[in-house]
Amino acid sequence: MIDSLVTFVIGMSGGSAALGIVLFTLAVRLLLLPLNVRQARTMKIRERLAPKQKELRKRWSRNPERLAKELNALYAKEGSSPFAGILPMLAQLPFMWLMFRVATHPTALAGHTLLGAPLGQQVAGIVANYGLVSVPFTVFVLVIALVVAVAWWSSRLIAANAGRQEEIAGVRPELMSKITRLMPYGSVLAALVLPLAAGLYLLVSTAWATGERAVLASRPL
């Protein structure tokens, strides 16, 4: 299945694996947009109801069954539920897994390059085969630098919402802030140890996700 999918992705771009990964990632992200809009709408409902949730938790802290009933009633008035954001998130996982498998498929990526840098090799392999002063290594560094820039942007966006998320989740503000600031940099670590194709996928995917988050956060849903 993965072999066929990789062949399709490369074929859809006229034989360029790098362009195929970019186009496939964008296509899947576009397909998932309605789910992400729904999830963003749910988050805004949670933020709006956070003060009332906090009050209910304090009032019914000794009665979990009554608390659950009151929370469900609170969300029902908004046409939602406390768990409405979970389904869209879970629905995305198979698509993300497929994109990741395409970008890390070792056999199908053999012979394909991005501006002369082999897509199927990790940074260690590129250094061993081409050296530090080479076009392939420069390309890899550029991709990593762009992933870092996107991670920094994402970290700022998420951290800006840390206060509201703390109120919803009941976590200390300083702890939530530290966690949210570090999470986006996981893509940087992944790009450093995975093949260049995976770094390209992470760059496109996280850039789309961050831009999408910024737009949805600024618009009424």
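Being a predicted model, the structure only gives us computed values, none of them experimental.

Trainee: Got a minute to help me understand the overall build of the chain in this structure?
Mentor: Within the chain, the regular secondary structure consists of 10 helices and two strands. Beginning at the N terminus, the succession of helices and strands in the chain can be written as α-α-α-α-β-β-α-α-α-α-α-α. Per-residue burial for the chain yields a buried fraction of 39% across its 221 residues.

Trainee: It is not clear to me how the confidence of the model for the chain should be interpreted in this structure. Could you clarify?
Mentor: Detailed reading of predicted coordinates is not advised where the pLDDT is low. Within the chain, residue pLDDT values average 78, and 77% of them lie at 70 or more. The spread of mean pLDDT over the elements of the chain runs between helix α7 (residues 162-169), the lowest at 52, and helix α6 (residues 135-160), the highest at 89.

Trainee: Looking at this structure, I do not really get the packing of helix α9 (residues 186-193) against helix α10 (residues 196-218). What am I missing?
Mentor: A pair of packed helices can be characterised by two numbers: the angle between their axes and the separation between those axes. Axis separation between α9 and α10 bottoms out at 9 Å; the angle between their running directions is 160°. As summarised for this structure, α9 and α10 are arranged roughly antiparallel, according to the angle between their axes. Relative to α10, the crossing made by α9 is left-handed. Between α9 and α10, the residues in contact are S187, A190 and A191 and G199, L202 and T206, respectively.

Trainee: Looking at this model, I keep getting lost on the nonpolar core. Mind explaining?
Mentor: Note that soluble globular proteins tend to have their nonpolar side chains buried in a common cluster. In this structure, I21, L114, L119 and L196 are the most contacted members of the largest nonpolar core, which totals 30 residues. Of all the elements in the fold, those that place two or more residues in this core are α1 (2-11), α2 (17-59), α6, α9 and α10. Per element, the largest residue contribution to this core is eight residues, and it comes from α6. Setting aside chain neighbours within four positions, we find L196 in contact with L114, A117, P118, L119, Q121, V139, F140 and V143.

Trainee: Teacher, can you tell me more about the packing of α2 against helix α3 (residues 64-76) here?
Mentor: The geometry of α2 relative to α3 is characterised by a closest axis approach of 11 Å and an angle of 150° between their N-to-C directions. In terms of their interaxial angle, α2 and α3 are classed as roughly antiparallel. Judged by the sense of rotation from one axis to the other, the crossing of α2 with α3 is right-handed. Side by side, α2 and α3 meet where I45, R46, L49, K52, Q53, L56 and R57 of the first sit next to L67, E70, L71, L74 and Y75 of the second. Considering only residue class, the contact of α2 with α3 consists of seven nonpolar, one polar and four charged.

Trainee: Teacher, can you tell me more about α9 here?
Mentor: Quick reminder: α-helices carry 3.6 residues per turn. Residues three or four places apart thus point the same way. Turning to α9, its buried residues number three or more, namely S187, V188 and A191. Down the axis of α9, the sector holding all buried residues measures 100°, keeping them to one side. Seen from the open side of α9, the exposed residues pointing more than 90 degrees away from its buried face are L189 and V193.

Trainee: I tried to follow the side chain of S187 on my own but got confused; where do I start?
Mentor: Positionally, S187 belongs in helix α9. Residue classification places S187 among the buried positions, given a relative accessible area of 12%. A distance of 2.8 Å separates the side chain of S187 from the backbone oxygen of P184, its partner in a polar contact. Beyond its immediate chain neighbours, meaning those up to four positions away, S187 contacts V147, A151, L202 and T206.

Trainee: What exactly am I supposed to notice about the environment of R181 here?
Mentor: If you trace the backbone, R181 turns up in helix α8 (residues 173-182). Overall, the relative accessible area of 43% leaves R181 in the partly exposed class. Between the alpha carbons of R181 and I158 there is a distance of 7.0 Å; along the sequence they are 23 residues apart. The residues touching R181, leaving out its near neighbours within four places in the chain, are S155 and A159.

Trainee: Which parts of the structure should I look at to understand the side chain of S205?
Mentor: Position of S205 relative to the elements: it lies in helix α10. Separated by 2.9 Å, the side chains of S205 and R29 make a polar contact. Not counting residues up to four positions away in its chain, the partners in contact with S205 are T25 and R29.

Criteria and cut-off values
Residues numbered from 1 in each chain as written. Predicted model: local features only at pLDDT ≥ 70, side-chain atom pairs only at ≥ 80, totals over all residues. Heavy atoms only, no water. Helix = DSSP H or I, 4+ residues; strand = E, 2+ residues; numbered from the N terminus. Buried < 20%, exposed > 50% of the residue type's maximum accessible area, 1.4 Å probe, protein only. pLDDT = per-residue confidence, 0-100. Axes fitted to C-alpha atoms, helices over the stretch in contact; angles between N-to-C directions. Parallel < 35°, antiparallel > 145°, perpendicular 65-115°, else oblique. Left-handed = near helix turned anticlockwise from the far one by under 90°. Contact = heavy atoms within 4.5 Å. Core = buried A, V, L, I, M, F, W, Y, C linked by side-chain atoms within 4.5 Å. Nonpolar A, V, L, I, M, F, W, Y, C, P; charged D, E, K, R; others polar. Arc of directions from axis to C-beta. Polar contact = N/O pair within 3.5 Å; in protein donor to acceptor, adjacent residues only side chain to side chain.

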